[in-house]
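One letter stands for each residue in the lines below.
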Amino acid sequence: GKEISDYNRYDIIPLNWPLFRFSDVLLTRSEALMSEGSVGAAAKDEAIDLLLRVRSRAGLTLPSKADYQLYNNDELLRNIRNERRLELGMEAWRLFDLRRWGVDSLKNALIRVGKINNTTRPWDDDYMLYPIPQSEIELSKGIVKQTPGY
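All chains use their own residue numbering, which begins from 1 and follows the written sequence. Predicted model: local features are reported for residues with pLDDT of at least 70 only, side-chain atom pairs are reported and counted for 80 or more only, and whole-chain, interface and lining totals are derived from all residues. Only hydrogens and water are removed before side-chain values are computed, so all heavy atoms of the structure are retained for them.

Let us look at the nonpolar core. Nonpolar core, defined: a set of buried Ala, Val, Leu, Ile, Met, Phe, Trp, Tyr and Cys residues in which side-chain atoms within 4.5 Å join the residues together. In this scheme, a residue with accessible area under 20% of its type's maximum is buried, one over 50% is exposed, and one in between is partly exposed, where area comes from a 1.4 Å probe on protein chains only. M34, L51, Y68, L76 and I80 are the most contacted members of the largest nonpolar core, which has 16 residues in total. Those elements that provide at least two residues to this core are helix 1 (22-34), helix 2 (41-57) and helix 4 (73-87). What counts as a helix is a DSSP run of H or I of at least four residues, what counts as a strand is a run of E of at least two, and both are numbered from the N terminus. A total of seven residues in this core trace back to one element, the largest contributor, which is helix 2. Here L51 is in contact with L27, S30, Y68, L76, I80 and E83, once residues within four sequence places are set aside. Contacts are assigned to residue pairs with any non-hydrogen atoms lying within 4.5 Å of each other.

Further remarks concern the packing of aromatic side chains. Under the pairing criterion, centres of Phe, Tyr and Trp rings, with the six-membered ring standing for Trp, must be within 6.5 Å; the plane angle then separates stacked pairs below 30 degrees from edge-to-face pairs above 60, leaving the rest tilted. Scanning the entire structure with this criterion turns up three aromatic pairs. Pairing F20 with W93 gives two aromatic rings, centres 6.0 Å apart and planes at 20°, and the pair type is stacked. Linking F20 in the segment before helix 1 with W93 in the loop between helix 4 and helix 5 (94-101), this pair joins segments that are 73 residues apart in sequence. Judged by relative accessible area, which is 23%, W93 ranks as partly exposed. Aromatic side chains Y68 and Y71 sit 5.3 Å apart centroid to centroid with 75° between the ring planes, which places their arrangement in the edge-to-face category. Owing to a relative accessible area of 22%, Y71 belongs among the partly exposed residues under this scheme.

Expected helix span is taken as 1.5 Å per residue step, with the number of steps being one fewer than the number of residues. With 13 residues, helix 1 extends 19 Å from end C-alpha to end C-alpha; this agrees with the ideal 18 Å at 1.5 Å per step. Residues of helix 1 that are buried include every one of S23, D24, L26, L27, S30, E31, L33 and M34, and no others.

To obtain an axis, a line is fitted to C-alpha atoms, over the contacting stretch when the element is a helix, and the angle between two such axes runs from 0 to 180 degrees between their N-to-C directions. Between helix 1 and helix 2, whose axes approach to 8 Å, the crossing angle comes to 155°. One finds that helix 1 runs roughly antiparallel with respect to helix 2. Viewed along their axes, helix 1 and helix 2 form a crossing whose handedness is left-handed. Contacts between helix 1 and helix 2 involve F22, S23, L26, L27, R29, S30, L33 and M34 on the former and, on the latter, A43, K44, E46, A47, L50, L51, R53 and V54. Each residue is assigned to one class: nonpolar for Ala, Val, Leu, Ile, Met, Phe, Trp, Tyr, Cys and Pro, charged for Asp, Glu, Lys and Arg, and polar for all the others, Gly among them. Tallied by class, residues from the contact of helix 1 with helix 2 come to ten nonpolar, two polar and four charged. Roughly parallel refers to an angle under 35 degrees, roughly antiparallel to one over 145, roughly perpendicular to one between 65 and 115, and oblique to any angle outside these ranges. Crossing chirality is assigned from the near helix's rotation relative to the far helix, an anticlockwise turn below a right angle marking it left-handed and a clockwise turn marking it right-handed.

Moving on: helix 4. Between its first and last C-alpha, helix 4 extends 21 Å over 15 residues, near the 21 Å set by a 1.5 Å rise per residue. Among all positions in helix 4, only L76, L77, I80, E83, R84 and E87 are buried. Projected onto a plane normal to the axis of helix 4, the buried residues spread over an arc of 115° and lie on a single side. The exposed set on the far side of helix 4, more than 90 degrees from its buried face, consists of D74, R78 and L86. Of the surrounding secondary structure, the elements contacted by the buried residues of helix 4 are helix 1, helix 2, helix 3 (65-69) and helix 5. Regarding helix 4, its N-cap is N72, as a side-chain oxygen of that residue lies 3.0 Å from the backbone nitrogen of D74 further along. In this description, the arc belongs to the directions extending from the helix axis to the C-beta atoms. Polar contacts, as counted here, are pairs of nitrogen or oxygen atoms within 3.5 Å of one another; within protein the pair requires one atom able to donate a hydrogen and one able to accept it, and residues that are adjacent in sequence qualify only if both atoms are side-chain atoms.

Before going further, it helps to spend a moment on unusual backbone geometry. Comment: phi is negative for the bulk of residues other than glycine, and the bulk of peptide bonds are trans. Residue P63 is reached from L62 by a cis peptide bond, and omega for that bond is -5°. Position of P63 among the secondary structure elements: in the loop between helix 2 and helix 3. Positive phi, normally seen in glycine, also occurs at M90, with a value near 65°. Looking at the element boundaries, M90 is found in the loop between helix 4 and helix 5. Residue M90 is classed as exposed on the basis of its relative accessible area of 87%. Unusually for a residue other than glycine, K141 sits at a positive phi of about 55°.

Set out below in structure tokens:
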């Protein structure tokens, strides 16, 4: 058989590499349903079904659907986000989730992994967004502006 080094183009290497897991898709949809502001009963029911689908695959049966239906929307959203933490642990998604949610623990997470340090690079809320590549800014001929702080 061929080795990876036998290929001279990175885009034709015949490896199956999962970019998204189905549980990630289900949990993202569930989170989106619960993040829409005023959530109707049908959306909440679908969000619970998606969450339970992920949990049942892992052999987890509690809390039940009836239990989840007693949660208010904020409690259910918190449980969905926690399930993302548990299900996708060690898959490098957590930091992106924290950034997307804009939670305070993002700063603490970045400090722990050594990305910032309070003495040499103090925290700035501008770090919540990534910089736009300079090449894209130049291609836009001034229409696209750099993210503040970069």
